[in-house]
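# Fold and contact review
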Amino acid sequence: MDTAIQAIEFLARSEHRVATLEALSERQRDRRDLRTVTGASDPTIGRIIRDFEDRSWIKREGPCYELTPLGEFVTERFLDLREGMRTGAMLSEVWQWLPREMSAFDVESFEDTVVANPGPNYPYTPVKRVTHLLESTDSIRGLGTTIYKSGNLDVFCRRVIEGMEMEYIYSPPILKAIVNWNPELTARAFECDNCTVFVHDALPDGNRCGLNIMDDCIGICGHDPKTAQLEAVIDTPSPKARTWAESIYEECRNEARPFQVNELDNASYQSSNKSLRVESE
């Protein structure tokens, strides 16, 4: 077996070994402290210390132990691997809803992530998550099919009417579907000073996922293109993910045009929206 794989296996087979490295990555610790932090027995800590010393990962300084430069390197790389595998496991059930056409999408940016997808006993988990996110922000910018199902649209329009700053980019079919859902309510929301709507004819991933940028996080919402069912909500407070999301949004906004009422063939909407003021760039 490859020696690198053997080293990974050596650590992965023991939670106490990993916990010891994590504890020592924070500061020097004596044996009693290591027992307390890791929950390991004294004999177990003794064996771990001997094993780590044999591998030159730790050294003793008086009554305490600390990581060597080699130990710091090994610890950092192993913990990075663990976090990467956690992210992979977390996203494994929703991978098909992740962006494919939005440029420079990086899974690594989504390590600190909340994933909501329908479960067998409660299929409305994604809708509830979107509602929570809408109730928790005072501003939102977005694009695509993110806010699409009626349960979320009702909350979305209400939050806009209440004063939430909203700037959104829709494709014409999605915008028409949203207006058809409730022409009067969408007209009330769209005529608010804090609401700006743009139209884009070819949004990236336009028929399968959308992107939201909120006060404290960014989110991706995946929809089944055949049923329009909300299948996954993936949100993260990661600064790296926010930087990526903002670049995608600005790129799409620069390509979009301000919404004009006459783009929609919907008499009910236009009748209820005689005083609509369209915001332009």
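All figures in this text were calculated on a predicted structure; none of them were measured in a lab.

Reading the values: the criteria
Residues numbered from 1 in each chain as written. Predicted model: local features only at pLDDT ≥ 70, side-chain atom pairs only at ≥ 80, totals over all residues. Heavy atoms only, no water. Helix = DSSP H or I, 4+ residues; strand = E, 2+ residues; numbered from the N terminus. Buried < 20%, exposed > 50% of the residue type's maximum accessible area, 1.4 Å probe, protein only. UniProt positions renumbered as here; feature names shortened; annotations may be inferred. Pairing = 2+ DSSP bridges. Contact = heavy atoms within 4.5 Å. Axes fitted to C-alpha atoms, helices over the stretch in contact; angles between N-to-C directions. Salt bridge = Lys/Arg side-chain N within 4 Å of Asp/Glu carboxyl O. pLDDT = per-residue confidence, 0-100.

### Considering unusual backbone geometry
One non-glycine residue, Ser-56, adopts positive backbone phi at about 65 degrees. Tracing the sequence through the fold places Ser-56 in the loop between helix 4 (42–54) and strand 2 (58–61). Here Ser-56 falls in the partly exposed class, since its relative accessible area comes to 41%. Although it is not a glycine, Asp-205 sits at a positive phi angle of roughly 55 degrees. Take Asp-205: it is sitting in the loop between strand 7 (195–199) and strand 8 (209–214). Of the residues examined, Asp-205 reaches a relative accessible area of 1% and is grouped as buried.

### Some points on the UniProt feature "domain: HVO-A0261-like N-terminal" (unreviewed entry) in the protein chain
Cross-referencing UniProt, the feature "domain: HVO-A0261-like N-terminal" (unreviewed entry) maps to residues 7–87 in the present numbering. For the annotated span residues 7–87, helix accounts for 72% and strand for 12% of the residues, and the straight-line distance between the end C-alpha atoms is 22 Å.

### What about the sheet that holds strand 5 (residues 139–143)?
Across the sheet, eight strands lie side by side as 4-10-9-8-5-6-7-11; this open sheet has mixed pairing. With partners counted over all chains shown, the strands left at the sheet margins are strand 4 (114–116) and strand 11 (257–258), one partner each. Note that strand 5 and strand 6 (residues 165–170) share five bridges and pair parallel. Bridging across to strand 6, Arg-141 finds its partner in Glu-167. Relative to strand 10 (residues 230–236), helix 6 (residues 125–135) is tilted by about 40 degrees, and along the sheet it contacts strand 4, strand 5, strand 8, strand 9 (218–223) and strand 10. Contacting strand 6, strand 7 and strand 11, helix 8 (residues 172–181) crosses the sheet at an angle of about 125 degrees to strand 6.

### Looking at the pattern of salt bridges
This structure, assessed with the given rule, holds 23 salt bridges. A salt bridge links Glu-83 to Arg-86, with the nearest nitrogen and oxygen atoms 2.8 Å apart. With a gap of three residues between them, Glu-83 and Arg-86 both fall in helix 5 (residues 69–91), about one helical turn apart. With a relative accessible area of 27%, Glu-83 lands in the partly exposed category. One salt bridge connects Arg-158 with Glu-135, and the closest N-O pair in it is separated by 2.3 Å.

### Comments concerning the confidence of the model for the protein chain
For the protein chain, the mean per-residue pLDDT works out to 89, and 91% of the residues sit at or above 70. For the stretch residues 271–281, pLDDT sits under 50, and the model shows 27 contacts to residues farther than four places along the chain or on other chains.

### What to know about the pairing of strand 5
As paired strands, strand 5 and strand 8 are joined by four bridges and run antiparallel to one another. Opposite Arg-141, over in strand 8, you have Ile-213 as the bridge partner.

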